[in-house]
Amino acid sequence: MRLKKFYYKKIKSTNNKALMHIKKGREKGIILAEFQTMGKGQRGNKWISFKGNLFMSVFFKIGNQISLNKITKINCMIVQKCLQKFTNYKVVIKKPNDILIKQQKISGILQETVFKEKKKFLIVGIGINVNKRPKIKKYPTNFINFFTKKNVTKLQIFKLLCKSYEKKIYQFK
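Residues numbered from 1 in each chain as written. Predicted model: local features only at pLDDT ≥ 70, side-chain atom pairs only at ≥ 80, totals over all residues. Heavy atoms only, no water.

Peer 1: Quick rundown of the packing of aromatic side chains? Include the residues and the values.
Peer 2: Applying the stated rule across the entire model yields four aromatic pairs. Pairing Phe 143 with Phe 146 gives two aromatic rings, centres 6.0 Å apart and planes at 75 degrees, and the pair type is edge-to-face. Each member of the aromatic cluster is reached from another via a ring pair, and the members are Tyr 89, Phe 143, Phe 146 and Phe 147. The aromatic ring of Tyr 8 is capped on one face by Lys 17, whose charged end is 4.8 Å from the ring centroid. Across the ring face of Tyr 139, the terminal group of Lys 105 is positioned such that the distance to the ring centre comes to 5.4 Å. (Phe/Tyr/Trp six-rings, centres within 6.5 Å; stacked < 30°, edge-to-face > 60°. Lys NZ or Arg CZ within 6 Å of the ring centre and 35° of its normal.)

This is the structure in structure tokens:
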């Protein structure tokens, strides 16, 4: 299933933009932003958005009966498998929604479900530290290119994630 891609130079949040598209009647798509000013993290935390890193959200209609645990597992596995293609280091999932290499966070996933006209939608916000990492006192972080032999671009990662979601959307029914 093809997903329409939307590109923005600067926005508040890719998840907020996905919600706007859903409210306008669009049922699926992928948002990519060069920069976000108010990126979202879990439990109301802010996702620190350094220019050059990847900020995206995927949104689509899902089945009403699918469990949050299954949704979370699928999304984490999609991101984990994509990033594993770029490094020889083991890429691991730290529950509930972080992706780590050598116990350092390189990616976070934020999921939101919304209803519109009795249809259930999933918004999956994905932030990946590609070239720069935030310094967080109690949480070691890093970036994917620290663990690669040759630099990978955010566009390469984005394209691989797009293909993966287009192939795996049926799992969310």
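Peer 1: Requested: an account of the pattern of salt bridges, with residues and values cited.
Peer 2: Inspection of the entire model under this criterion finds seven salt bridges. Close ionic contact of Glu 34 with Lys 154 constitutes a salt bridge, the shortest N to O distance being 3.2 Å. With Glu 34 in strand β2 (residues 28-36) and Lys 154 in helix α3 (residues 154-168), the pair connects residues that are 120 residues apart, well separated along the chain. Salt bridges linked by common partners bring Arg 2, Lys 5 and Glu 166 together as one network. (Salt bridge = Lys/Arg side-chain N within 4 Å of Asp/Glu carboxyl O. Helix = DSSP H or I, 4+ residues; strand = E, 2+ residues; numbered from the N terminus.)

Peer 1: How would you explain the sheet that holds strand β6 (residues 104-116) if you had to name every residue and give the values?
Peer 2: Judged by pairing direction, the sheet is mixed, and its seven strands sit side by side in the order β1-β2-β3-β7-β6-β5-β4 without closing on themselves. With one partner strand each, in any of the chains shown, β1 (5-11) and β4 (91-94) form the two edges of the open sheet. Taken over all neighbouring pairs, the strand axes of this sheet differ in orientation by 20 degrees on average, direction set aside. Sheet topology note: the strand β3 (residues 54-62)/strand β7 (residues 119-128) ladder contains nine bridges and is antiparallel. When the sheet's bridge partners are listed, Phe 59 is paired in β7 with Ile 123. Against the sheet, helix α2 (residues 68-84) engages β3, β4, β5 (98-101), β6 and β7, with an angle of about 140 degrees to β6. Sitting on the sheet, α3 touches β1, β2, β3 and β7, and the angle it makes with β3 is about 10 degrees. (Pairing = 2+ DSSP bridges. Axes fitted to C-alpha atoms, helices over the stretch in contact; angles between N-to-C directions. Contact = heavy atoms within 4.5 Å.)

Peer 1: Tell me what's going on with the side chain of Thr 87, and back it up with residues and numbers.
Peer 2: Examined against the element boundaries, Thr 87 turns out to sit in the loop between α2 and β4. Among the polar contacts listed, one links the side chain of Thr 87 to the backbone nitrogen of Tyr 89, at a separation of 3.1 Å. For Thr 87, the residues in contact, after removing those within four places along its chain, are Ile 101, Ile 144, Phe 147 and Thr 148. (Polar contact = N/O pair within 3.5 Å; in protein donor to acceptor, adjacent residues only side chain to side chain.)

Peer 1: Now, about the environment of Ile 93: what can you tell me, with residues and values included?
Peer 2: One can find Ile 93 in strand β4. The class for Ile 93 is partly exposed, based on a relative accessible area of 32%. Counting along the chain gives 40 residues from Ile 93 to Asn 53, while the straight-line C-alpha distance between them is 19 Å. In this view, Ile 93 contacts Cys 76, Met 77, Gln 80, Asp 98 and Ile 99; residues no more than four positions away in its chain are not counted. (Buried < 20%, exposed > 50% of the residue type's maximum accessible area, 1.4 Å probe, protein only.)

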